[in-house]
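One-letter residues, chain by chain:
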Amino acid sequence: MIEGANTSPFTQIAHIARSQGLKGELKVLFEIDSVEAIEQILVVYLRSDRGDFYPCRIANLRVEGKGNKISFFVQFENIADRTSAEALKNKAVFIETTLAEQLFSDEAEEENLIDYEILNDRNKSIGLVIDFMDSGAQVVVTVATNSGSLLIPIVDEFVTEIDHQTKIIRCQNLAVLEDL
């Protein structure tokens, strides 16, 4: 069997919710939250009714924030009116898989803290991160130490620096956590 034969060259990143206005602008719901990454995308792919992918160049991207929600409004080059935009409602939006990996791998690496070394405020090694949990409010790492495991919330009270280059997390006030 050929390796990678069943992998798609495209990755879905969004879908078109509805048209907006009379000039063909579309409200697009992205599956990712990184505005910076989305702004780097120049060409997306849509699927025809036959299932073929076809490119659409983004002419304009407008980001609008209301409260804690971000909305994206996209104008494609060849969509000039509301009727053309309505035809795209509920269509999936894709980009090339290689581009998706480039744009969104940095985000995943930042979230993955496994094997980072924990140093206390005296630069002494406490242990290595063996697991992490995102509770929504904060990330908590589980650190394997010589005396068992230690849970450290990634908050300013305990973490002073996370160095992704050297995979080191510098901490303070760990005695409070060790007593728990």
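Up top you'll find the structure we're talking about.
Residues numbered from 1 in each chain as written. Predicted model: local features only at pLDDT ≥ 70, side-chain atom pairs only at ≥ 80, totals over all residues. Heavy atoms only, no water.

**Let's talk about the pattern of salt bridges**
Turning to step 1, where the next piece is worked out: The tally for this structure, following the rule as stated, stands at six salt bridges.
Turning to step 2, where the next piece is worked out: Residue Asp49 pairs with Lys91 through a salt bridge whose shortest N-O separation is 3.6 Å. With Asp49 in the loop between strand 3 (43-47) and strand 4 (53-66) and Lys91 in the loop between helix 2 (82-86) and strand 6 (92-96), this pair connects stretches of sequence that are 42 residues apart.
Turning to step 3, where the next piece is worked out: When its relative accessible area of 18% is taken as the criterion, Lys91 is described as buried.
Turning to step 4, where the next piece is worked out: Close ionic contact of Glu86 with Arg82 constitutes a salt bridge, the shortest N to O distance being 3.8 Å. Of this pair, Glu86 and Arg82 both sit in helix 2, four residues apart, which is roughly one turn of the helix.
Turning to step 5, where the next piece is worked out: You can call Glu86 partly exposed: its relative accessible area is 35%.
Turning to step 6, where the next piece is worked out: The structure contains a network of salt bridges with shared partners spanning Glu25, Arg62 and Glu64. (Salt bridge = Lys/Arg side-chain N within 4 Å of Asp/Glu carboxyl O. Helix = DSSP H or I, 4+ residues; strand = E, 2+ residues; numbered from the N terminus. Buried < 20%, exposed > 50% of the residue type's maximum accessible area, 1.4 Å probe, protein only.)

**Section: the pairing of strand 4**
Turning to step 1, where the next piece is worked out: The pairing of strand 3 with strand 4 spans five bridges and is antiparallel. Bridged to Val43 within strand 4 is Arg57. (Pairing = 2+ DSSP bridges.)

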